[in-house]
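Commentary on secondary and tertiary structure
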Amino acid sequence: MAQNGKKVLAVDADPQSNLTELMMSPIIADLDENEKTEVKQKLKDAVYSITKTR
């Protein structure tokens with residue numbers, strides 16, 4: 001839909017962060033292994049903290 005000019009909101013509310021990881025995969029692909037691990041953990045921590053407060 002975004003490619004057709006529509007506004008799209010993607011909400012990733014699961015602890016596995018699958019949607020976030022998928023959408024960030026082009027960025028994550030350019031990182032080295034240590035950076036990948038760090039970014040993935042930060043994403044999971046962020047999603048977990050949001051879901052934990054509910």
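1. Overview of the overall build of the chain
Along the chain, the regular secondary structure elements total 2 helices and 0 strands. Relative to the compact-globule value of 10 Å for 54 residues, the chain shows a C-alpha radius of gyration of 13 Å, a clear excess of over 25%. With respect to the principal axes defined by its C-alpha atoms, the chain has extents near 35 × 35 × 10 Å. When the 8 positive and 9 negative side-chain charges of the chain are each reduced to one mean point, those points stand 10 Å apart.

2. Some remarks on the side chain of D12
Inspection of the secondary structure assignment puts D12 in the segment before α1 (18-29). On the basis of relative accessible area, D12 is assigned to the buried category, the value being 14%. A polar side-chain atom of D12 sits 3.2 Å from the main-chain amide nitrogen of L19. When sequence neighbours within four positions are dropped, the list of residues in contact with D12 reads S17, N18, L19, T20 and V47.

3. Some remarks on the environment of L43
Turning to its location among the elements, L43 is positioned in helix α2 (residues 33-52). A C-alpha to C-alpha distance of 12 Å links L43 and M23, two positions 20 residues apart in sequence. Residues contacting L43, with those up to four places away along its chain left out, are S17, T20 and M24.

4. Observations regarding the pattern of salt bridges
With the rule as written, the count across this model stands at 2 salt bridges. We note a salt bridge from E33 to K36, for which the minimum N-O separation is 3.6 Å. Of this pair, E33 and K36 are both found in helix α2, 3 residues apart, which corresponds to roughly one turn of the helix. Overall, the relative accessible area of 55% leaves E33 in the exposed class. Ionic pairing is found between K42 and E38, a salt bridge with its closest N-O pair at 3.2 Å.

Conventions and cut-offs
Counting restarts for each chain: residues are numbered from 1 in the order of the written sequence. In view of the model being predicted, local features appear only for residues whose pLDDT reaches at least 70, and side-chain atom pairs are presented and counted only at 80 or more, with totals across whole chains, interfaces and linings using the full set of residues. Derived side-chain values reflect all non-hydrogen atoms in the structure, with water molecules and hydrogen atoms excluded from consideration. Numbering of helices and strands starts at the N terminus; helices are DSSP runs of H or I of at least 4 residues and strands are runs of E of at least 2. C-alpha atoms define the radius of gyration, and 2.2 Å times the number of residues to the power 0.38 defines the globule rule. When charges are tallied, Lys and Arg are placed among the positive residues and Asp and Glu among the negative ones, while His and the ends of the chain are skipped. Charge positions are represented by NZ for Lys, CZ for Arg, CG for Asp and CD for Glu. Exposed residues in this analysis have more than 50% of their type's maximum accessible area, buried residues have under 20%, and partly exposed residues fall in between, with area computed by a 1.4 Å probe over protein chains only. Here a polar contact means two N or O atoms within 3.5 Å. Within protein one must be a hydrogen donor candidate and the other an acceptor candidate, and residues neighboring in sequence count only if both atoms are side-chain atoms. The criterion used for residue contact is that any of the two residues' heavy atoms lie within 4.5 Å. Any carboxyl oxygen of Asp or Glu within 4 Å of a side-chain nitrogen of Lys or Arg constitutes a salt bridge here.

The analysis is restricted to geometry; functional conclusions fall outside its scope.
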